[in-house]
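# Structural characterization, general
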Amino acid sequence: MSLANKVDFNKGEGLVPVIVQDVKTLEVLMLGYMNQEALIKTEEDKKVTFFSRSKNRLWTKGEESGNFLLVESIAIDCDQDTILVKAKPVGPTCHTGSRSCFFTEYNQNFLFELENIINDRYENPSESSYVNKLRNKGINKIAQKVGEEGVETVIAALAEREIDFINESSDLIFHLLVLLREKGFTLADIAKNLESRHK
């Protein structure tokens, strides 16, 4: 059954706001509006389609630029008058060339992007890639590097030099991400585990 039959389009005179998130990082990419026809087309084509208030017609994001938003999931809120779309962006979302239409001080989701970069190094190995060189040395070396960086992070923390602590913590997290990839796990697996422990 289409979600279009569950959404209350009457409150907004036929339109409802749509929040689009990056399915991987959960970063908010943009906000637009859909009417019932746009939602049906989005469900069918698996590409986010809005109703453009300025053009007064349906508008598929990326129809000119090729920077589509490929739909992974669609949900509606408890009042049935707002839609949440989790999508895989093909290229930048904003017309300015930025990854998101919302400008933040820094990329708060870079850890997920780094995870994607590491995955790409695994799938498309390059001789000049540090990840590739580390991977070729095997899991023992990768695990050893995590241990070394852990010790160096502790030393930096006790030495009370903030920049050293930040640098060593960054090295530790990077190498842990490589180890997770080597073992076939992701940050999402860690997040789910931490969430279950918290409960």
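As annotated in an unreviewed UniProt entry, the chain carries the name Histidine biosynthesis bifunctional protein HisIE and comes from Pseudopedobacter saltans. Of the chain, the UniProt comment under Subcellular location (unreviewed entry) reads exactly: "Cytoplasm".

### Let's talk about the layout of surface pockets
By volume, the largest pocket is sized at about 380 Å³. Of all the secondary-structure elements, those providing two or more residues to the lining of the largest pocket are β6 (83-89) and α2 (110-123). If you tally residues by element for the lining of the largest pocket, the top one is α2, at three residues. Split by residue class, the lining of the largest pocket holds five nonpolar, four polar and seven charged. Taken domain by domain, the lining of the largest pocket gets at least three of its residues from each of domain 1 (3-89) and domain 2 (109-198). Of the pockets and cavities examined, the second largest pocket occupies roughly 300 Å³.

### Section: the pattern of salt bridges
Taken as a whole and assessed by the stated rule, the structure comprises nine salt bridges. Among the salt bridges present, the one from K145 reaches E148, with a minimum N-O distance of 3.8 Å. Taken together, the residues K145 and E148, both in helix α4 (residues 139-159) and three residues apart, mark about one turn of the helix. Overall, the relative accessible area of 16% leaves K145 in the buried class. A residue is classified by how much of its surface remains accessible, and E148, at 28% relative accessible area, is partly exposed. In the salt-bridge network here, residues are joined through shared partners; they are K145, E148 and E149.

### Points about α2
Two residues of an α-helix separated by three or four positions point the same way, owing to the 3.6 residues in each turn. The terminal C-alpha atoms of α2 lie 20 Å apart, and with 14 residues this matches the ideal 20 Å at 1.5 Å per residue to within 8%. Looking at the packing, one finds that the buried side of α2 touches α3 (130-136), α4, α5 (162-183) and α6 (187-198).

### Structural notes on unusual backbone geometry
For E13, which is not glycine, the phi torsion reads 55° and is therefore positive. Looking at the secondary structure, you find E13 in the segment before β1 (16-22). Looking at E13, the relative accessible area reads 77%, which means it is exposed. A positive phi angle is found at L26, which is not glycine, with a value near 65°. Overall, the relative accessible area of 44% leaves L26 in the partly exposed class.

### Brief notes about the side chain of S52
Summarising the element assignment, S52 is placed in strand β3 (residues 49-52). Of note is the side chain of S52, whose polar atom sits 3.0 Å from the backbone nitrogen of K55. Those residues in contact with S52, other than ones at most four positions away along the chain, are R57 and W59.

Parameters at a glance
- Residues numbered from 1 in each chain as written.
- Predicted model: local features only at pLDDT ≥ 70, side-chain atom pairs only at ≥ 80, totals over all residues.
- Heavy atoms only, no water.
- UniProt positions renumbered as here; feature names shortened; annotations may be inferred.
- 1 Å grid on protein atoms, 1.4 Å probe; cavity = no way out; pocket = protein on both sides within 12 Å on 5 of 7 lines; lining within 4 Å.
- Points joined across faces, edges and corners; volume = space filled by probe spheres on them.
- Helix = DSSP H or I, 4+ residues; strand = E, 2+ residues; numbered from the N terminus.
- Nonpolar A, V, L, I, M, F, W, Y, C, P; charged D, E, K, R; others polar.
- Domains from an automatic or database assignment.
- Salt bridge = Lys/Arg side-chain N within 4 Å of Asp/Glu carboxyl O.
- Buried < 20%, exposed > 50% of the residue type's maximum accessible area, 1.4 Å probe, protein only.
- Expected span 1.5 Å × (residues − 1).
- Contact = heavy atoms within 4.5 Å.
- Polar contact = N/O pair within 3.5 Å; in protein donor to acceptor, adjacent residues only side chain to side chain.

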